[in-house]
Amino acid sequence: MGSACSGRDASSLLSLGFMLLLLVTALTALTSTVEAQAQLVPDFYKSSCPMADTLVSSAVDSALNSRAAAASGVLRLFFHDCFVHGCDASVLIDAPGSERSASANLGLQGFEVIDAAKEVVEKQCPGVVSCADILALATQLSVKKLSGGRITYTVPLGRRDGLVSSAADVTGKLPSPVASVATLKAAFSANGLSTEDMVVLSGAHSVGTAGCGFIQNRLTAATPDATLDTTYAAVLKKQCPTAAGSVNLDLATPNQLDEVYYKNLQANKGLLSSDQILQTDIETRPMVAANAAFQTFGPNFARAMEKMGNIVQLTATQGEIRLSCRSFNQA
Ligand code: HEM
């Protein structure tokens, strides 16, 4: 009797121990991300590379001037980087089986903007400025340009470049354009971003293009999509008769990062299902309405971009400072 009783005690102690272990592991992960964020500061390169900001700015400006479409590409690159292992430039690795080769990343563009900035910075300050920070700065500059100078924010620096980049790690991290709203919310929440952050960051779909393949589901369904405006559907059918080709994400102001994306959603003129669903869902619909005014959307977008840029796991001596953003130092 005595021994049976102590056996039960031992097993409850064991399961309590296991739960404590899980809790400690989760808390440790959270603490390390919070600690990493705490180490990011705007003047991180003040003594090691005082010209870093200026060098990146002029290289990015001239790259965007030679190909304006790259700005929306860079903005998307940053999102796809930060959602897999944090903002550590893992998406930039150009090697078989790297994140970049994952199906969710095949349409990414704008890599040349980061390469151009890295090249200039390496000449002045070799091995000092991370690709992760260059991508964060290039994104902020792209946002500024796309918004006609109306959306600006500070970029704290000190991110380090990741040592891991695997296509397999992308699975389940980047939501699909046909995902349910619950899946969309979960993907953002897994990165410490709220549902409101998700609605605000989706405003990035106010610029750039999407491949026609991503909307065939809405155009060819047997039952017409009730959340797709019929006139807009007719236009899209003409622009996207097949999965080949691409179409503007925002039909009204495709080159302006602005609040019109939300007005489109209110008029059932969102392009992707994952856009339009924000107007259908009862929790996100009021957030769509709030952001349909630039004075709300602009500051919200700036704040949410800063927050996304803080999904950082590597700082200080972790990871490395890559010499080329496309490959690990020990390739
Ligand atoms: C909410 C979940 C999201 C889904 C399901 C999604 C999905 C997509 C898809 C399918 C495309 C078209 C890609 C292609 O044609 O290759 C796209 C484009 C784009 N996405 Fe997202 N996205 C999401 C969130 C975001 C976020 C948070 C950002 C940035 C803050 C972003 C920025 C962009 C940009 C700028 C483009 C246009 C890219 C270009 O012109 O090259 N997206 N997105």
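Reading the values: the criteria
Residues numbered from 1 in each chain as written. Predicted model: local features only at pLDDT ≥ 70, side-chain atom pairs only at ≥ 80, totals over all residues. Heavy atoms only, no water. Helix = DSSP H or I, 4+ residues; strand = E, 2+ residues; numbered from the N terminus. Buried < 20%, exposed > 50% of the residue type's maximum accessible area, 1.4 Å probe, protein only. Polar contact = N/O pair within 3.5 Å; in protein donor to acceptor, adjacent residues only side chain to side chain. Contact = heavy atoms within 4.5 Å. UniProt positions renumbered as here; feature names shortened; annotations may be inferred. Salt bridge = Lys/Arg side-chain N within 4 Å of Asp/Glu carboxyl O. Donors = N, O, S within 2.8 Å, 3.2 Å for Na, K, Ca; no water. Disulfide = S-S within 2.5 Å. Near = heavy atom within 4 Å. Nonpolar A, V, L, I, M, F, W, Y, C, P; charged D, E, K, R; others polar. Domains from an automatic or database assignment. Phe/Tyr/Trp six-rings, centres within 6.5 Å; stacked < 30°, edge-to-face > 60°. Lys NZ or Arg CZ within 6 Å of the ring centre and 35° of its normal.

A. How the structure looks around the overall build of the chain. Along its length, the chain carries 13 helices and 2 strands. Within the chain, the proportion of its 331 residues that are buried is 46%.

B. Just the side chain of Gln276, in detail. Tracing the sequence through the fold places Gln276 in helix H11 (residues 273-280). Within the structure, the side chain of Gln276 is placed 2.8 Å from the backbone nitrogen of Gly270, a separation counted as a polar contact. Ignoring any residue separated from it by four or fewer positions in sequence, one finds Gln276 in contact with Arg218, Thr227, Asn264, Leu265, Asn268, Lys269 and Gly270.

C. Main features of the UniProt feature "binding site: substrate" (unreviewed entry) in the chain. Sequence positions flagged by UniProt for "binding site: substrate" (unreviewed entry) are, in local numbering, Pro175. With respect to the helices, strands and loops of the structure, Pro175 is situated in the loop between helix H5 (131-146) and helix H6 (181-189). Overall, Pro175 belongs to the partly exposed group, its relative accessible area being 23%.

D. A look at the pattern of salt bridges. Summed over the entire model, instances satisfying the criterion amount to 13 salt bridges. The partner of Arg326 in a salt bridge is Asp115, and the shortest N-O contact between them spans 2.6 Å. Of the two residues, Arg326 sits in the segment after helix H13 (294-309) while Asp115 sits in helix H4 (residues 111-124), which places them 211 residues apart along the sequence. Note on Arg326: relative accessible area 27%, which makes it partly exposed. In this structure Asp115 comes out as partly exposed when scored by relative accessible area, which is 23%. Among the ionic contacts, a cluster of salt bridges with common partners joins Asp94, Arg100, Asp115 and Arg326.

E. Representation of the coordination of the iron atom of the ligand. With respect to protein ligation, the iron atom of the ligand binds only His205 (NE2), at 2.1 Å. Take His205: it is sitting in the loop between helix H7 (195-201) and strand S1 (209-211).

F. Local environment of the UniProt feature "binding site: heme b" (unreviewed entry) in the chain. Per the UniProt record, "binding site: heme b" (unreviewed entry) is annotated on His205. Here His205 falls in the partly exposed class, since its relative accessible area comes to 26%.

G. Structural context of the state of the cysteines. Using the criterion set out here, one finds 4 disulfides in the structure. The disulfide that involves Cys212 links it to Cys240, with 2.1 Å between the sulfurs. Taking the sign of the S-S torsion, -65° for the link of Cys212 and Cys240, the bridge is left-handed. Taken together, the residues span a long stretch of sequence, with Cys212 in the loop between S1 and helix H8 (216-219) and Cys240 in the loop between helix H9 (230-239) and strand S2 (246-248) at a distance of 28 residues. When its relative accessible area of 0% is taken as the criterion, Cys212 is described as buried. By relative accessible area, Cys240 is classed as buried at 2%. Each disulfide of the chain joins two cysteines, and with those cysteines numbered along the sequence the arrangement is 1-4, 2-3, 5-8, 6-7.

H. Spatial organisation of the environment of Gly149. Relative to the assigned elements, Gly149 resides in the loop between H5 and H6. It is 10.0 Å that separates the C-alpha atoms of Gly149 and Leu257, two residues lying 108 residues apart in sequence.

I. Up close: unusual backbone geometry. One non-glycine residue with positive phi stands out, namely Ala89, at about 60°. Considering the arrangement of structural elements, one finds Ala89 in the loop between helix H3 (70-82) and H4. In this structure, Ala316 is a non-glycine residue whose phi angle is positive, near 55°. For Ala316, the position within the fold is in the segment after H13.

J. Fine view of the side chain of Ser72. For Ser72, the position within the fold is in helix H3. Of the residues examined, Ser72 reaches a relative accessible area of 16% and is grouped as buried.

K. Highlighting the site of the ligand. The ligand sits among 25 residues. The nearest are Ser72, Gln109, His205, Thr209 and Gly211. In the environment of the ligand, an oxygen atom lies 2.7 Å from a nitrogen or oxygen atom belonging to the backbone of Gly211. Mapped onto the shell around the ligand, the elements with two or more residues apiece are H3, H6 and S1. Among the residues making up the shell around the ligand, the classes are represented as 13 nonpolar, 11 polar and 1 charged. Formed jointly, the shell around the ligand draws a minimum of three residues from each of two domains, domain 2 (52-170) and domain 3 (193-307).

L. Layout of the packing of aromatic side chains. With the rule as written, the count across this model stands at 8 aromatic pairs. For the pair Tyr261 and Tyr262, a centre-to-centre distance of 4.9 Å together with 85° between the ring planes defines the contact as edge-to-face. In this pair, the class of Tyr261 matches that of Tyr262, namely buried. Arranged with centres 6.3 Å apart and planes meeting at 75°, the rings of Phe294 and Phe297 form a pair that is edge-to-face. Placement of the pair is Phe294 and Phe297 together in helix H13, with a separation of 3 residues, close to one helical turn. Judged by relative accessible area, which is 15%, Phe294 ranks as buried. Ring-pair connections join several aromatic residues into one group, and the members of that group are Tyr261, Tyr262, Phe294, Phe297 and Phe301. Directly above the ring of Phe111 sits Arg100, whose terminal nitrogen or CZ lies 3.6 Å from the centroid. Across the ring face of Phe294, the terminal group of Arg150 is positioned such that the distance to the ring centre comes to 3.7 Å.

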